[in-house]
Amino acid sequence: MLKVRTARLSVAVLAVAAIIVVAGSVAIASNMGFKLNFAIQPTASLINAIGDNWTSIPYHNPYGTMGGLCSQIGLQSVIPRARVTKVDQSTNAATNGDCGTAAANSIPLPLDGSAVRIRQRGVCSNSATTFCNAPAVGCVSPGTCVATSVIIVGSHDPVLPVAPKKFCAGGTGAPPAGCPALGTCGAGIACGTGEFWFEVPYHTTAVTMADLCLSAGLTSTIPRTRLTRVRALDGVAVNGDCGTAAAAAVNLVLGEGVRIHETNANKTPFVPAHF
Amino acid sequence: MRKAILASIFIVVAVLSGAPVYASCGPPTALGHLNDSYFICGDSGPIVAYAYELDAPSVGTGPIKISCSAFDGVLCTGSSGVVGDNKVTIESDWSNVGISGCPVDPSTGGKRVMLVVQCADGQGLMVSLSGHDGGLAYTIEAAQPFDGSVSSPVAAGPLSTRPKVTGSAATSAGSVNLTLHFENPKSPTTPFYSDCDANTLGAFLGTTCPDAFDKNAFLTRAQYGNVWKSTQACGNTPDPTATKWTDTGVLIPATGGDVAVSALLPTAVTDCLYFGGELNLGFPRVTGQPFGIAGTVQVGGQTVAPPKADNLKASSAAGKVTISWSSTNEIGLGVFKVLAISKSKGELELTSVSPRGNGGSASYSVTLGMGDFKGAKTVIVRSILTDGSKVDSAAVNF
């Protein structure tokens, strides 16, 4: 078993290194700086999860605000604008900022190790200046709507602890033990908590969701912690419950954020494992 | 013995929502101003804003706060400026806790919603958004004028669907009796904006009006139903959850008119009685639930509080004096008069201001030249009631 894990670790290291090099000419310097070429999958015409690019940003980054992220990685900042969203796991409230607006410049990026969602139209495969929605809305046949590419830079904070809160749906019913009391989020409403989109370090040691469960000490017995990634290409949510074989079968994707629903209690802060 | 009892009347626009499901959208789905625009809307006091799915009012933002009067960098990051500048933004998300249901179908996308706003000065507006553009979601600017690069704000106006208390209320053996007047909902004066309007961001993109929503045709379907009532805490926006309201059985004439209503007064001093008019917008009724309510009246406790200018403030700058105040009850109010007071000249009437609270609350601001005060440095606002009596505010200096 140990031998297998060692082998997997080596493969993981090589895989991460290979992905980084192939994806974006990354130079891993002594301070572990990153430069990731990340594909932003296009939105669909209708509201759905297609184009929900939950994106990990290095903990140390030059962006500061949503507006800074927009301008520095080249998100669409004129109409139709790209939209950046963050979720505060203390209340599960979402905050949206549209690129190119003054408001986006006033919204700080998360500092708690949580990822952001980027939604942006794509461009047509046969016209790089024509905005479109997936799969080919707005393109002249045979063009299709393709992803745009951004380069994300930054470095890791090796001591930043991450602390997912207990997942509580919130609402008006009597909250389960460990969830905020009624009235916390307004008259007769308990806050939701723990909607935590984990900003996975680019040099994480975790290859699969199961690896992340183990390295972060997430709950692997019933009720298990649930991890979710959203495939921005088709909007499909892929779940892996800690302690299950399914979680071991779901690979993490470089640059993607992963949602953690910790079911038992506020998680003891952990420092994400990395190479 | 009849006795006026309306300690405060607070009229809001709300739509009763259905069962308190409180299952909001899973993924974040923006609802709000996202292109640096705003509403021109009095914001010196409480603002009521509420959104609901047009064909299923039980899906709505419920009692949670979705409007912003001032930038706070946390929940209000848009162009709401500061309190008192008449800039109001909507900043929320359909995934937020407290929202009942989700107006998005996983397979067919967003459904059309209605946003209703009542400003602190009693004026209001309505906005309808299709949610059909996946990139915009429920971006308010989709229904605001757009010149190709900038979205212009839109202004609130008279809110015709608000009920109006037409006479003094009376109590008898712990119950209240009063008359409410409802304007014809088919000829509204309320500003109504839609993402199907010409020259909007929605029209510019051409993506928000697949349903060819006709707001005028929509309004022709409107007719009143019954008056509903609810006992809730005073001074707050009433919780529009349907289960908190009961039907009085009093039918409002379909095209408006006067109705007499009565109900038991709350026993707790902190509770108020709310009345609301049910507005049938042409959709099927959900059994046991009201149609949307286009306005509510908050009736205060057992004590009498005549209409009076509260929170009076006066400040001078650049040869001008700005005077602001608010009211919580305007029952029986004829007019406000702004008076300067000086020891040498006594009272000097400066201007008159017509009440805008429709019997309820409102806020006011007037700016006068320094010379109008003839040297006086003290100001009061006098309420002249319809029976000729007067109620003065506290005096303030500037």
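Details of the structure are given in the entry above.
Residues numbered from 1 in each chain as written. Chains lettered and ligands numbered in written order. Predicted model: local features only at pLDDT ≥ 70, side-chain atom pairs only at ≥ 80, totals over all residues. Heavy atoms only, no water.

**Describing the overall build of chain B**
Alright, step 1. Each helix and strand in chain B was counted, giving 2 helices and 29 strands.
Alright, step 2. When burial is assessed residue by residue, chain B has 57% of its 398 residues classed as buried.
Alright, step 3. In chain B, 70% of the contacts between residues at least 6 apart in sequence involve partners at least 24 apart.
Alright, step 4. Roughly 15,000 Å² of accessible area belongs to chain B as shown, and the carbon and sulfur atoms make up 54% of that amount. (Helix = DSSP H or I, 4+ residues; strand = E, 2+ residues; numbered from the N terminus. Buried < 20%, exposed > 50% of the residue type's maximum accessible area, 1.4 Å probe, protein only. Contact = heavy atoms within 4.5 Å. Areas by Shrake-Rupley, 256 points an atom, 1.4 Å probe, with all protein chains shown as cover.)

**Describing the pattern of salt bridges**
Alright, step 1. The tally for this structure, following the rule as stated, stands at 16 salt bridges over all chains.
Alright, step 2. For B:Asp310, the salt bridge identified is with B:Lys308, shortest N-O distance 3.2 Å.
Alright, step 3. Because the salt bridges share partners, they merge into one network encompassing A:Asp52, A:Arg117 and A:Arg119. (Salt bridge = Lys/Arg side-chain N within 4 Å of Asp/Glu carboxyl O.)

**What about the sheet that holds strand β10 (residues 124-129) of chain B?**
Residues and elements named next belong to chain B.
Alright, step 1. Read from one edge of the open sheet, 5 strands run β4-β3-β9-β10-β16, paired in mixed fashion. Looking at which strands have only one partner, the edges of the open sheet turn out to be β4 (56-60) and β16 (192-194). For this sheet the average axis-to-axis angle between neighbouring strands, irrespective of direction, equals 25 degrees.
Alright, step 2. Bridging between strand β3 (residues 48-53) and β4 involves 2 bridges; their strand directions are antiparallel. By the bridge assignment for β4, tyrosine 52 is matched with glycine 60. (Pairing = 2+ DSSP bridges. Axes fitted to C-alpha atoms, helices over the stretch in contact; angles between N-to-C directions.)

**Side note on the interface of chain B and chain A**
Alright, step 1. The interface is formed by 40 residues belonging to chain B together with 36 residues belonging to chain A.
Alright, step 2. Counting the surface lost from both chain B and chain A, the interface buries some 2,700 Å², and carbon and sulfur atoms represent 56% of this.
Alright, step 3. When the buried area of chain B at its contact with chain A is split by residue, B:Pro28, B:Leu34 and B:Val97 rank highest and sum to 23% of it.
Alright, step 4. Here chain B is connected to chain A by 1 salt bridge.
Alright, step 5. For B:Asp133, the salt bridge goes to A:Arg121, with nearest N and O atoms at 2.8 Å.
Alright, step 6. Taken together, the links from chain B to chain A amount to 12 residue pairs in polar contact (both at pLDDT 80 or more).
Alright, step 7. Secondary-structure elements contributing two or more residues to the side of chain B that touches chain A are β6 (87-93), β8 (109-110), β11 (138-139) and α1 (201-205) of chain B.
Alright, step 8. Broken down by element, the residue count for the side of chain B that touches chain A peaks at 3 residues, all from α1(B). (Buried area = accessible area lost by both parts, 1.4 Å probe. Polar contact = N/O pair within 3.5 Å; in protein donor to acceptor, adjacent residues only side chain to side chain.)

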